[in-house]
Amino acid sequence: MPMKEHHVSIWFLIGLQLAIFGLLITGAGIYGLFHPPDQTIVLADLHPAIWWGAIMFALGLFYTSSSGPGRCSL
């Protein structure tokens, strides 16, 4: 019985990586929100780690859901 090939899109893997990094960066940003650094950082009150982490996580979810293993068109 021949084995059936399964293809995984590169965008699915990129989406997984973006989602994982987004969660890590958002977690670091939330930690920094409750434990601010000692030195003064310009524009730290905007909390860029939380914003960029959330954007990366959302993009990762989009890529992962739109190009999952069952949706590969090779």
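This text follows the structure it describes.
Rules used in this analysis
- Residues numbered from 1 in each chain as written.
- Predicted model: local features only at pLDDT ≥ 70, side-chain atom pairs only at ≥ 80, totals over all residues.
- Heavy atoms only, no water.
- Helix = DSSP H or I, 4+ residues; strand = E, 2+ residues; numbered from the N terminus.
- Contact = heavy atoms within 4.5 Å.
- Patch = residues over 30% accessible without salt bridge, like charges linked within 9 Å, V, L, I, M, F, W, Y side chains within 5 Å.
- Areas by Shrake-Rupley, 256 points an atom, 1.4 Å probe, with all protein chains shown as cover.
- Salt bridge = Lys/Arg side-chain N within 4 Å of Asp/Glu carboxyl O.
- Phe/Tyr/Trp six-rings, centres within 6.5 Å; stacked < 30°, edge-to-face > 60°.
- Buried < 20%, exposed > 50% of the residue type's maximum accessible area, 1.4 Å probe, protein only.
- Polar contact = N/O pair within 3.5 Å; in protein donor to acceptor, adjacent residues only side chain to side chain.
- Axes fitted to C-alpha atoms, helices over the stretch in contact; angles between N-to-C directions.
- Parallel < 35°, antiparallel > 145°, perpendicular 65-115°, else oblique.
- Left-handed = near helix turned anticlockwise from the far one by under 90°.
- Nonpolar A, V, L, I, M, F, W, Y, C, P; charged D, E, K, R; others polar.

(A) Structural detail: the overall build of the protein. Scanning the protein for helices and strands turns up two helices and zero strands. Considering only C-alpha atoms, the protein reaches an extent of 65 × 20 × 15 Å along its principal axes. Of the contacts formed within the protein by residues at least 6 apart in sequence, a portion of 84% connects residues at least 24 apart.

(B) Inspection of a nonpolar patch on the surface at higher detail. Side chains of Val8, Ile10, Trp11, Leu13, Leu16, Ile20, Phe21, Leu24 and Ile25 sit close together on the surface and give an oily, nonpolar patch of about 830 Å² of accessible area. The topology assignment puts Ile20 in helix α1 (residues 10–34).

(C) Representation of unusual backbone geometry in the model. Located in the positive-phi region is Leu43, a residue other than glycine, with phi close to 60°. If you trace the backbone, Leu43 turns up in the loop between α1 and α2 (48–66).

(D) The arrangement of the packing of aromatic side chains in detail. One pass over the full model with this rule turns up two aromatic pairs. When the centroid spacing of 5.8 Å and the interplanar angle of 50° are considered together, the rings of Phe62 and Tyr63 count as tilted. On the basis of relative accessible area, Tyr63 is assigned to the partly exposed category, the value being 25%.

(E) Up close: the environment of Ile50. Residue placement: Ile50 occurs in helix α2. Taking relative accessible area as the criterion, Ile50 reaches 23% and is therefore assigned partly exposed. Sequence separation between Ile50 and Thr26 is 24 residues; the distance between their C-alpha atoms is 4.6 Å.

(F) Expanded view of the side chain of Ser9. Inspection of the secondary structure assignment puts Ser9 in the segment before α1. Of note is the side chain of Ser9, whose polar atom sits 3.2 Å from the backbone nitrogen of Trp11.

(G) Structural context of the side chain of Ser67. Examined against the element boundaries, Ser67 turns out to sit in the segment after α2. Judged by its relative accessible area of 11%, Ser67 falls in the buried class. A distance of 3.2 Å separates a polar side-chain atom of Ser67 from the backbone nitrogen of Phe12. A polar contact is formed between the side chain of Ser67 and the backbone oxygen of Tyr63, at a distance of 2.6 Å.

(H) Quick look at the packing of α1 against α2. α2 packs onto α1 with a crossing angle of 155° between their chain directions and a minimal axis gap of 7 Å. If you check the angle between α1 and α2, you find them roughly antiparallel. For the crossing formed where α1 meets α2, the hand is left-handed. For the contact of α1 with α2, the class distribution of residues is 18 nonpolar, seven polar and no charged.

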